[in-house]
Amino acid sequence: VSNRIGIYFSISQHTRDLDLLKKLAIYLNCGVLETPKTRLNQSTFIVYRFNDVVKKILPFFGKYPLESNKQFDYKDFIKLADILENKKISENSI
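Residues numbered from 1 in each chain as written. Predicted model: local features only at pLDDT ≥ 70, side-chain atom pairs only at ≥ 80, totals over all residues. Heavy atoms only, no water.

**With respect to the packing of aromatic side chains**
Our working definition: Put simply, two rings from Phe, Tyr or Trp (the six-membered ring, in Trp's case) pair if the centres are within 6.5 Å, and we call them stacked under 30 degrees between planes, edge-to-face over 60, tilted for the rest.
Scanning all chains against the criterion turns up seven aromatic pairs. Every member of this aromatic cluster is reached through a ring pair, and the members are Phe 9, Tyr 27, Phe 60, Phe 61, Tyr 64, Tyr 74 and Phe 77.

**Overview of the pattern of salt bridges**
Heads up, the condition is: The salt bridge definition used is simple: a Lys or Arg side-chain nitrogen within 4 Å of an Asp or Glu carboxyl oxygen. Starting at the N terminus, helices and strands are each numbered in turn, a helix being any DSSP run of H or I of at least four residues and a strand any DSSP run of E of at least two. For each residue, the accessible area found with a 1.4 Å probe, counting protein chains only, is set against the maximum for its type, and the residue is called buried under 20%, exposed over 50%, and partly exposed in between.
Applying the stated criterion across every chain, the model contains two salt bridges. A salt bridge links Lys 56 to Asp 52, with the nearest nitrogen and oxygen atoms 3.7 Å apart. Here Lys 56 pairs with Asp 52, and both are found in helix 2 (residues 50-63), just four residues apart, close to one helical turn. You can call Lys 56 partly exposed: its relative accessible area is 25%. Among the residues examined, Asp 52 registers a relative accessible area of 8% and is labelled buried. Among the charged side chains, a network of salt bridges with common partners joins Arg 49, Asp 52 and Lys 56.

**Here we look at the pairing of strand 3 (residues 42-47)**
Rules: One bridge is not enough; two strands pair if DSSP finds at least two bridges between them.
Most of strand 3 sits inside the fold, with six of its six residues counted as buried. Neither face of strand 3 is left uncovered, since the one carrying Gln 42, Thr 44 and Ile 46 and the one carrying Ser 43, Phe 45 and Val 47 both have all their residues buried. Where strand 1 (residues 9-14) meets strand 3, six bridges bridge the pair, whose relative direction is antiparallel. Note on strand 3: the bridge partner recorded for Ile 11 is Phe 45.

**Brief notes about helix 2**
Selection rule: Helices are assigned an expected span. That span is 1.5 Å times one less than the residue count. Think of it this way: the bend at a residue is just the angle between two axes, each fitted to seven residues, one set ending at that residue and the other starting at it.
Its 14 residues give helix 2 an end-to-end C-alpha distance of 19 Å, which sits within 8% of 20 Å, the value for a rise of 1.5 Å per residue. Taking the largest bend as the criterion, helix 2 deviates by roughly 30°, centred on Ile 57, and proline Pro 59 comes between one and four positions later. Looking only at helix 2, the buried set comprises Asp 52, Val 53, Val 54, Ile 57, Leu 58, Phe 60 and Phe 61.

Bear in mind that shape data such as this cannot, by itself, settle questions of function.
Below, the structure written as structure tokens:
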């Protein structure tokens, strides 16, 4: 059992938009594409590596902000990434 805390980034789209997700993965040079067995009409671009999230995903969406309510979730995501990157969290604070 691991006591590690981490984050990942994901975007899901209908499989008709799989090419868009592929282009995003190629452009950012990170992440993987997955199609859940329980949702065969959905594809997901996922970035698991913390360093890729901090060095590639955050700057990308900083430059090209989301234009929806997801922007509020993204701002919280940035705060969490900052806490984890600067190791401002401990097991006792959870």
